[in-house]
Amino acid sequence: MIRDITIGQYYPAKSILHRLDPRVKIVCTLLYLVSLFLFRSIPGYLVATLFLAAVIRMSKVPFSYIVRGLKPIIFLLLITVLFNLFLTRSGEVLFQKWIFTITAGGLQTAVYMGIRLIYLILGSSLMTFTTTPNELTDGIEALLGPLKKIHVPVHEIAMMMSIALRFIPILLEETDKIMKAQIARGADLESGNLIQRAKSMIPILVPLFVSAFRRANDLAMAMESRCYQGGEGRTKMKPLRYRGRDYIAYIVVIVYVIAVVLVGRYVSLHVWVF
């Protein structure tokens, strides 16, 4: 399960998405995530599916590698779907037994919410798969640049986000090593009830927190020894510049958002019936 968490990891490949400006990928990802909540119809989801499939194809990231990131959130996904399925009471009653009631509106809401969460994870994962942490830092800092006028520490915020993304795969690898070490010492991490399994995680969490604080302290000392003073007066080794493909990417995503809203709202009213 630990190896299946792919958030924050970069997948090197030679694709047009890898060559895009990080600012473009951040803004387009946000637009895509917002678009998932602007429609509630089958045509809208078909357009979103085709767009996501095309982007995955262009990224040259293996689909199996992208889908692997869904495994850690299956439990959360199931809880969300079940809550919407049984707690939404609208439309015709399809099933009723004891305290469990399934309605047409609840079924529709559960299906739509499950698809939204899956597409949300896949779309946001593509940004980290095709963008290095350094590029993400530069992109976030550039997008938040206007906030410097009101004395917001933009560089520090971007640096913290970048360090957090860098630490995710490191801590996952450290967790995997600690778990294997504890299992080799005879620790039972899988059997027993919920309380027993929670107690068995203590020998993993304690050394993990110690290792995380030690790494953070080493990083702080390394930055301090190199006279790191924040972003004031610093120059970029690779300044961000928009190119033709970046403007095309903006246009494509904007056209997609307009199309998915129009198709998802108006086509469903006259043609599609769920």
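None of these values were measured; they are calculated from a predicted model.

Here we look at the UniProt feature "transmembrane region" (unreviewed entry) in the protein chain
Here is step 1 of the chain: Residues given the UniProt feature "transmembrane region" (unreviewed entry) here are residues 30-53, 65-86, 98-122 and 247-267.
Here is step 2 of the chain: Counting secondary structure, residues 30-53 comes out at 75% helix and 0% strand; the distance between its end C-alpha atoms is 17 Å.
Here is step 3 of the chain: Span residues 98-122 is 76% helix and 16% strand, its end C-alpha atoms 37 Å apart.

Re helix α8 (residues 154-184)
Here is step 1 of the chain: Counted at 1.5 Å a residue, the expected span for α8 with its 31 residues is 45 Å, and the 45 Å between its end C-alpha atoms agrees.
Here is step 2 of the chain: The principal kink in α8, of about 25°, is found at F167, preceding the proline P169 by one to four residues.
Here is step 3 of the chain: Listing the buried residues of α8 in full gives V154, H155, A158, S162, F167, L172, E174, T175, D176, I178 and Q182.
Here is step 4 of the chain: Taken from the residues just after α8, G186 is the one with a positive phi, measuring 100°.

Here we look at the nonpolar core
Here is step 1 of the chain: Judged by nonpolar contacts, the single largest core of 30 residues is most densely connected at Y32, L52, I66 and Y256.
Here is step 2 of the chain: Taken together, the elements giving at least two residues each to this core come down to α2 (22-35), α3 (42-59), α4 (63-67), α6 (104-129) and α11 (244-270).
Here is step 3 of the chain: Of all the elements, α11 adds the most residues to this core, at seven residues.
Here is step 4 of the chain: Those residues in contact with Y256 that lie beyond four places of it in its chain are Y32, S35, V47, A48 and F51.
Here is step 5 of the chain: Formed by five residues, the second largest nonpolar core is a distinct cluster that contains I26, M127, L136 and I140.

A closer look at helix α10 (residues 202-225)
Here is step 1 of the chain: Helix length check: α10, at 24 residues, gives a terminal C-alpha distance of 35 Å against a target of 34 Å (1.5 Å per residue), a fit within 8%.
Here is step 2 of the chain: Of the residues making up α10, those classed as buried are I204, L208, S211 and A212.
Here is step 3 of the chain: Buried residues along α10 sit in contact with α8.
Here is step 4 of the chain: Taken from the residues just after α10, C227 is the one with a positive phi, measuring 60°.

A word on a nonpolar patch on the surface
Here is step 1 of the chain: A cluster of nonpolar side chains, namely L94, F95, W98, I99, F100, L107 and V111, defines an oily patch on the protein surface of about 730 Å² accessible area.
Here is step 2 of the chain: Within the residue set of the nonpolar patch, elements represented by two or more residues are β1 (93-97) and α6.
Here is step 3 of the chain: We classify L94 as partly exposed; its relative accessible area is 47%.

Things to note about the pattern of salt bridges
Here is step 1 of the chain: One pass over the structure, following the stated rule, counts five salt bridges.
Here is step 2 of the chain: The salt bridge partner of D21 is R23, with a shortest N-O separation of 2.9 Å. Of the two residues examined, D21 and R23, each falls in the buried class.
Here is step 3 of the chain: R215 serves as the salt-bridge partner of E174, at 3.2 Å between the closest nitrogen and oxygen. In this pair, E174 is assigned in helix α8 and R215 in helix α10, connecting sequence segments 41 residues apart.

What counts and what doesn't
- Residues numbered from 1 in each chain as written.
- Predicted model: local features only at pLDDT ≥ 70, side-chain atom pairs only at ≥ 80, totals over all residues.
- Heavy atoms only, no water.
- UniProt positions renumbered as here; feature names shortened; annotations may be inferred.
- Helix = DSSP H or I, 4+ residues; strand = E, 2+ residues; numbered from the N terminus.
- Expected span 1.5 Å × (residues − 1).
- Bend = angle between axes of the 7 residues up to and from the residue.
- Buried < 20%, exposed > 50% of the residue type's maximum accessible area, 1.4 Å probe, protein only.
- Core = buried A, V, L, I, M, F, W, Y, C linked by side-chain atoms within 4.5 Å.
- Contact = heavy atoms within 4.5 Å.
- Patch = residues over 30% accessible without salt bridge, like charges linked within 9 Å, V, L, I, M, F, W, Y side chains within 5 Å.
- Areas by Shrake-Rupley, 256 points an atom, 1.4 Å probe, with all protein chains shown as cover.
- Salt bridge = Lys/Arg side-chain N within 4 Å of Asp/Glu carboxyl O.

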